[in-house]
Protein chains: 4
Amino acid sequence: MTAASNTHSVGVLGASGSSGAELIRLLSKHPRFSVSFATSRQYAGHSLRRVDPAAVDIELCHPDDADTSCVEAVFTCLPHGSSAPAVKRSRSGGARVIDLSGDFRLRDPETHRTVYGSPRDEQLAAEAVYGLSEFAEARVREAGLVANPGCYPTCTALAVVPAVKRGLLRGPLIINALSGVSGAGRTPSAKTHFCAAVDDVRPYNVGSSHRHVPEIEQSLRAWSPAGAPELPVIFNPHLVPLERGMLVTITASLPSLTPAELHEVYTDAYRGHDFVDVLPMGEHARIRAVARTNRAVIAIAPGHPRTRHAVITCAIDNLLKGAAGQALQNANTMFGFPIQEGLA
Amino acid sequence: MTAASNTHSVGVLGASGSSGAELIRLLSKHPRFSVSFATSRQYAGHSLRRVDPAAVDIELCHPDDADTSCVEAVFTCLPHGSSAPAVKRSRSGGARVIDLSGDFRLRDPETHRTVYGSPRDEQLAAEAVYGLSEFAEARVREAGLVANPGCYPTCTALAVVPAVKRGLLRGPLIINALSGVSGAGRTPSAKTHFCAAVDDVRPYNVGSSHRHVPEIEQSLRAWSPAGAPELPVIFNPHLVPLERGMLVTITASLPSLTPAELHEVYTDAYRGHDFVDVLPMGEHARIRAVARTNRAVIAIAPGHPRTRHAVITCAIDNLLKGAAGQALQNANTMFGFPIQEGLA
Amino acid sequence: MTAASNTHSVGVLGASGSSGAELIRLLSKHPRFSVSFATSRQYAGHSLRRVDPAAVDIELCHPDDADTSCVEAVFTCLPHGSSAPAVKRSRSGGARVIDLSGDFRLRDPETHRTVYGSPRDEQLAAEAVYGLSEFAEARVREAGLVANPGCYPTCTALAVVPAVKRGLLRGPLIINALSGVSGAGRTPSAKTHFCAAVDDVRPYNVGSSHRHVPEIEQSLRAWSPAGAPELPVIFNPHLVPLERGMLVTITASLPSLTPAELHEVYTDAYRGHDFVDVLPMGEHARIRAVARTNRAVIAIAPGHPRTRHAVITCAIDNLLKGAAGQALQNANTMFGFPIQEGLA
Amino acid sequence: MTAASNTHSVGVLGASGSSGAELIRLLSKHPRFSVSFATSRQYAGHSLRRVDPAAVDIELCHPDDADTSCVEAVFTCLPHGSSAPAVKRSRSGGARVIDLSGDFRLRDPETHRTVYGSPRDEQLAAEAVYGLSEFAEARVREAGLVANPGCYPTCTALAVVPAVKRGLLRGPLIINALSGVSGAGRTPSAKTHFCAAVDDVRPYNVGSSHRHVPEIEQSLRAWSPAGAPELPVIFNPHLVPLERGMLVTITASLPSLTPAELHEVYTDAYRGHDFVDVLPMGEHARIRAVARTNRAVIAIAPGHPRTRHAVITCAIDNLLKGAAGQALQNANTMFGFPIQEGLA
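Residues numbered from 1 in each chain as written. Chains lettered and ligands numbered in written order. Predicted model: local features only at pLDDT ≥ 70, side-chain atom pairs only at ≥ 80, totals over all residues. Heavy atoms only, no water.

**Digging into the overall build of chain A**
Threshold: Helix and strand assignments follow DSSP, with helices taken as H or I runs no shorter than four residues and strands as E runs no shorter than two, numbered in order from the N terminus. Atoms counted for the radius of gyration: C-alpha only. Globule rule: 2.2 Å times the number of residues to the power 0.38. Only protein chains enter the accessibility calculation, which uses a 1.4 Å probe. A residue is then buried if its area is under 20% of the maximum for its type, exposed if over 50%, and partly exposed in between. Contacts are assigned to residue pairs that have any heavy atoms within 4.5 Å of one another.
Regarding its fold elements, chain A presents ten helices and 13 strands. Here the C-alpha atoms of chain A give a radius of gyration of 20 Å, agreeing with the 20 Å that 2.2 N^0.38 yields for 344 residues. For chain A, the C-alpha atoms occupy an extent of roughly 65 × 45 × 40 Å along the three principal directions. Put simply, chain A has 344 residues, and 63% of those count as buried. Here the contacts in chain A between residues at least 6 apart in sequence split such that 68% fall between residues at least 24 apart.

Structure follows, in structure tokens:
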């Protein structure tokens, strides 16, 4: 694969996982990026199609054979913990990095240690930009390192940030989240066996024990106006029997506005944001509306007539807007391309 | 089908719907009940197997050919609105009736009118017993008419009544509910088309607009101690891509107990109740644990360390514990049989 | 939607069905075609997204409001029988037509009558080109009317034509075919209800009673060398519980070659055909490899050591290569565009 | 678990696999058998429910702690190769054995070696009875060791033995077989991952390379009349995206009878066989009709008007009639119980 003169060469570390393979698919159709290498320890020397017959027919190389200093950008799709050193090496070589792991998402070192338990370069962490595309474009544009948000935190943030920015919600935020099985990764396990996952719905880590909770709370704090009360989060994730897609249903107190007024706030907030659709009142977000796209759909409904709650639903594709799609959207921003490039 | 001398003859009105067919399957294996008639307007003269190849091979008759005065019990599995007159006729003929429709569930005439909009005999309604099996055994035993609870209200009530009885929860109850597609009935529609329902999760009627909300609120009032504050309900139902089963994930404020203490309350409350399993702390209710059974599984988890919430998950099979199974359990109680008879 | 000067305006009749909606999706991204109208009797005045939340947000118009004389090409995605008159009107107005229905697929008037029973203009039928893209490019290029092949006939023809052209197979061809539920159309029915189709495999019209059999036999005759013996077809279709995709597994006598030699024949035959992949010996065609693409994958395996049979598997997406994708591929050919345009 | 005086104690070796867990479920409801031990190397000391929340809550013990000499029957649900020594030990201890593995299915030692490659006691093999329940009742009744047939061979044999016994079919038999994912076992693998198996159909080992082919051929020879021509088999298995159930669609030459006449032969052959339903002409076998039961349904259809073929479809539940159900049916026969006991 040779890069045409008007394209930018990029590399993908960890291309055989679900997010990596999606990213390769997107990049291979992108008019301005060309993939210089796609690595996989397990499948080095084989085509990515060996992993998934629907994937791009690209040869995977061993990470030791990937020269990150020869590309302009590196996407790291490695497991948490393995990513941090690869990010550091890539940055040292001069490439801009979009990290799809959790290694640089949490700003606070102590929280990072508690949640992930793995070492990282804290100086790099301090300069990392949390790449929630719709709300961080200016900072992403200049970033050397973008920490690409997690799938649940992306879906949740898109659902609440317009309200949070104005201090409209009161906690606790009750977030019920449903994820397709691809969210559990490609490694075979008893949990992801077809016969265990089909015909089932499986809650897991409900309450506040999922490691995405601190990332969600960090976002809520980051986008809250100064002096706004904290918004505690109760996050109840479930595995549902479908491959791709994710839905959050968030119930929160909305003391000062009607749901219809909140709907207007959202319509305004997302005007001009191509990847976010705010549905008309009366409709609900559905996974089918967004699967295999980089779109998010958001809907707002009344909660309870006497208690002034709102119910916000938001759906995204966990592997695209929740991972590889947002990563490419961020890369488009970093390199000055239209954000829809390769994603429409 | 002739009834042996030691069996009780029963009839099923509306046997070709999902609940009716399940009930026929259960009754056909029950050692003490024998089915005298199973009616269907649409399939009269045909075997129930024409509707579903997995169903019992029983001939359906036209409702006009079913003599409800010749049986000891009638199960009505008719649509809301059509059921009320059939219940009245059946009661007039002397049979005890288990009504699986919504026609006699709401005690308050005004609420009934608002929710269902269909006429009913209010005297019959006044004497109907709301048949939430685990908590109404004594009244069901003597009942002439049992209003069999709805699927969502059953699942929700089993999840909260032990706490509600002691006034332990504070509202609003945030109930996120997931139902398999069989909950939408057997009538073909755009919504239940395989290609619309598969690979999707679809919220509908979120907030407080689902017609099961008043039934849930009625249960909460009925089992609350005198003087307890009202518990507003925010009920967010979703369709998930599986055939059978239902899960509720309920988040509520638990001001005075720890979740572990609440777990003890539940373990005590359900001791001796064969159809309800309270899982150990750390586990969660899953649909696979209960599909095709009359069981409910319930789990309790901490919500948020600072806000003292609990998250309660409960799973049932919507067609069994949420419809036909509970109906038979109630019939067992009415006729003095062990409640497991035909349901184990 | 205004057509840029370098684009060709097209219309789609019957845009709310499964194939029509797919076609709209493809056309809306095609750089050289622009959609002037998309009709639907049932949904006129509404967005196509009302039918499917994943569809393009295009407004549907009533067929009476669609002027087929103002476009350069018309795609008819109407039901069999309804299509023929629309095709005639469109041709009369001067547009080139790609007909996705069965109305012009069968050349022989008598066979057409027997199979479809609906009238058509036999002169139009005589000039229609059967648009099996990979084998009819020259004729399609000049065609005024292309009869776009059926899904099963496309999948079968791609699987056997290279062998049939050389007279390598002996009948009967035993064709076992599996189709996702989208093949049954979007109209709700007992058969396509989620709860009937999930967890089931359902054979239907096995033997030679499916209406695609005469179309398959016509193809076999058309591509057989002069004097080759007839190839009787036993065609066993089944519905399988997935939305999209189709697989045929064909067993046939291969008297004069080994399967490995046949594999070489296929590799040669499809060299340079971008949409057809012949897999290495030892692999099999899978639906996942082709779903949501215009690709076909074909594999060849030995049948039985003593009897000299071959087993050929071929998979396509029934709505793309089996309908809308092939239609667009044909339109690309008709208008002189690269066949991959809008389909890669 | 103590055995009542009128029950027979049995043990299950390998209870945590799919077939073993099904067998435990059946045995736990059986009025005449009581389970003395259920072994699992991996889950010893845990409840079977740890493996599957829908399973019976029975404690698994280590195989070293299971005394096979204290039970009247042993069911071996171990992997091929591991089963043979366990069978030998169990027989030595005096128990009658039903072996669900492939270790004693193939009578010919040479074929066994070629197919399974694992050693076995050939004397035991010589006395093993191949337990195709419907056709081997007399021999099973007296057997010390029953080799329980494989799932595909059971489904195929039920579909053809009535015709084969009369020498009505001519080969090759083209057997297209579809199996739910539970047929691939419970061990997690890339192939059984939800995201690989859903939305796919996957042929594998087509032709004559599947290890069930020799077992099928052995059955064909065993039930063919003396002097009948051999029936070569082309066996094309596919994985389909559902958990349970299996369907074979068999196309074969039927030179001397019409399909309708063959249908009569089948109706006669299976009269009085409670677990086999021969459907009326015009219907087809479906997986939904048999899933979670010990039933088989069989249908016969015309193949091709000119070539005199028949198409036979047969569906069973692979884990029940194709494994644990047939094993229990055989045990019922061995102990003189009605064959429906515990299986109705």
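Resuming the write-up.
**Details of the packing of aromatic side chains**
Note the following rule: Two aromatic rings, drawn from Phe, Tyr or Trp (for Trp, its six-membered ring), form a pair once their centres lie within 6.5 Å of each other, and the interplanar angle then sorts them: stacked below 30 degrees, edge-to-face above 60, tilted otherwise. Over a ring means this: the NZ of a Lys or the CZ of an Arg is within 6 Å of the ring centre and within 35 degrees of the ring normal.
Here the structure, examined in full by the defined rule, presents 30 aromatic pairs over all chains. Where F33(A) meets F335(A), the ring centres are 5.4 Å apart and the plane angle is 85°; that geometry is what we call edge-to-face. Note that F33(A) is positioned in strand β2 (residues 33–38) and F335(A) in the segment after α10 (320–334), a separation of 302 residues in sequence. Ring centres of F33(C) and F337(C) lie 5.3 Å apart, and the angle between their planes is 65°; this geometry places the pair in the edge-to-face category. With a gap of 304 residues between them, F33(C) in strand β2 (residues 33–38) and F337(C) in the segment after α10 (320–334) connect regions that are remote in the sequence. For the pair formed by F33(C) and F337(C), the shared burial category is buried. Ring pairing ties together the aromatic residues F135(A), W223(A), Y266(A) and Y270(A), which thus form one cluster. Positioned over the ring face of Y204(C) is K191(C), at 4.2 Å from the centre of the ring.

**Description of the sheet that holds strand β1 (residues 8–13) of chain A**
Residue and element names in this part refer to chain A. The condition that has to hold: For two strands to be treated as a pair, DSSP must find no fewer than two bridges joining them.
One open sheet holds the six strands; their spatial order is β2-β1-β3-β4-β6-β5, and the pairing between them is parallel. With partners counted over all chains shown, the strands left at the sheet margins are β2 and β5 (129–130), one partner each. Two strands pair when backbone bridges link them, and β1 and strand β3 (residues 73–76) are joined in this way by four bridges, in the parallel orientation. Across the sheet, L13 pairs through a bridge with T76, a residue of β3.

**With respect to empty space enclosed by the protein**
How we decide: Lining residues are those with an atom within 4 Å of a point, where the points come from a 1 Å grid over the protein atoms alone and group into cavities, where a 1.4 Å probe fits but cannot get out, or pockets, open sets with protein on both sides within 12 Å along at least five of seven lines. Grid points are joined across faces, edges and corners, and a volume is the space filled by probe spheres set on the points. Under this grouping Gly is polar, as are all residues other than the nonpolar Ala, Val, Leu, Ile, Met, Phe, Trp, Tyr, Cys and Pro and the charged Asp, Glu, Lys and Arg.
Under the definition given, this model contains eleven cavities of 30 Å³ or more. As a volume, the largest cavity reaches approximately 200 Å³. Lining the largest cavity we find 20 residues, and of these V198(A), V198(B), V198(C), P241(C) and V198(D) sit closest to its centre. Taken together, the residues of the lining of the largest cavity sort by class into 16 nonpolar, no polar and four charged.

**Let's talk about helix α1 (residues 18–29) of chain C**
All names here are of chain C. Rule in force here: Any helix carries an expected span of 1.5 Å times its number of residues minus one.
Taking 1.5 Å of rise per residue, twelve residues should cover 16 Å, and α1 covers 18 Å from first to last C-alpha, within 8% of that figure. Listed as buried for α1 are S18, G20, A21, E22, L23, I24, L26 and L27. Residues of α1 that are buried sit in contact with β1 (8–13), β2, β3 (73–76) and α10.

**A few points about the relation of the copies chain B and chain C**
What counts, and what does not: The fit set for superposing copies consists of C-alpha atoms from residues with pLDDT of at least 70 in both; the fit itself is least squares.
Turning chain B through 180° and shifting it by 0.0 Å along the axis lays it on chain C, with an RMSD of 0.0 Å. Here the transformation between the copies is reduced to the relation of a two-fold axis. No C-alpha of chain B approaches the rotation axis more nearly than that of F194(B), which lies at 2.0 Å. Both copies present the same face, since 100% of the interface residues in chain B are matched by interface residues at the equivalent positions in chain C.

**Quick look at the pairing of strand β13 (residues 309–316) of chain A**
Residues and elements named next belong to chain A. The buried fraction of β13 is high, at eight of eight residues. Alternating positions in β13 separate into two faces, H309, V311, T313 and A315 on one and A310, I312, C314 and I316 on the other, with burial throughout. In terms of strand pairing, strand β10 (residues 246–253) meets β13 through eight bridges, oriented antiparallel. Bridged to I250 within β13 is I312. The pairing of strand β12 (residues 296–302) with β13 spans seven bridges and is antiparallel. The partner of A299 across the bridge, within β13, is T313. Adjacent in sequence and paired antiparallel, β12 and β13 are bridged by six residues, among which R308 carries a positive phi angle near 55°.

**Notes on the interface of chain B and chain C**
Rules: Any carboxyl oxygen of Asp or Glu that lies within 4 Å of a side-chain nitrogen of Lys or Arg is treated as forming a salt bridge with it. Whenever a nitrogen or oxygen atom comes within 3.5 Å of another N or O atom, the pair is scored as a polar contact, on the condition that within protein one atom can donate a hydrogen and the other can accept it, and that pairs from neighbouring residues in sequence are kept only if both atoms are in side chains.
Counting residues at the interface gives 18 residues for chain B and 18 residues for chain C. In this assembly, chain B and chain C are joined by zero salt bridges. The interface formed by chain B and chain C contains four residue pairs in polar contact (both at pLDDT 80 or more). Residues of the side of chain B that touches chain C, tallied by class, amount to nine nonpolar, six polar and three charged.

**So, the confidence of the model for chain A**
Convention followed: Confidence of the predictor in every single residue is expressed as pLDDT, which spans 0 to 100.
Within chain A, residue pLDDT values average 96, and 99% of them lie at 70 or more. Both scores are available for the predicted complex, with the pTM at 0.96 and the ipTM at 0.96.

**Overview of the relation of the copies chain A and chain B**
The operation linking the two copies of the chain is a rotation about an axis combined with a translation along the axis. The two copies are related by a screw motion: chain A maps onto chain B through a turn of 180° and a shift of 0.0 Å along the axis, at an RMSD of 0.0 Å. A shared binding surface is used by both copies, with 100% of the interface residues of chain A retained as interface residues in chain B.

**With respect to the domain arrangement of chain A**
All names here are of chain A. How we decide: Boundary definitions for the domains trace back to an automatic or database domain assignment. As used here, buried area is the combined drop in accessible area, with a 1.4 Å probe, of two parts when they are placed together.
As assigned here, chain A comprises domain 1 (8–127) and domain 2 (152–318). Computed from C-alpha coordinates alone, the two centres of domain 1 and domain 2 are separated by 27 Å. Residue-level contacts link 15 residues of domain 1 with nine residues of domain 2. Taken together, the two surfaces of domain 1 and domain 2 that pack against each other cover about 960 Å², and 46% of this comes from carbon and sulfur. Across the domain 1-domain 2 interface, the total number found is three salt bridges. The salt bridge involving E215 is made with R105; its shortest N-O contact spans 3.4 Å. There are six residue pairs in polar contact (both at pLDDT 80 or more) connecting domain 1 and domain 2. Put simply, the parts of the chain that give the side of domain 1 that touches domain 2 at least two residues each are α1 (18–29) and α3 (109–116). The class makeup of the residues in the side of domain 1 that touches domain 2 is five nonpolar, five polar and five charged.

**Topic: the side chain of E217(D)**
Spelled out, the test is: Only four residue types enter the tally: Lys and Arg on the positive side, Asp and Glu on the negative side; His and the chain ends are excluded.
Along the chain, E217(D) turns up in helix α8 (residues 212–223). Although E217(D) is buried, it makes no salt bridge; R306(C) carries the closest opposite charge, 4.6 Å away. The residues touching E217(D), leaving out its near neighbours within four places in the chain, are H304(C) and V233(D).

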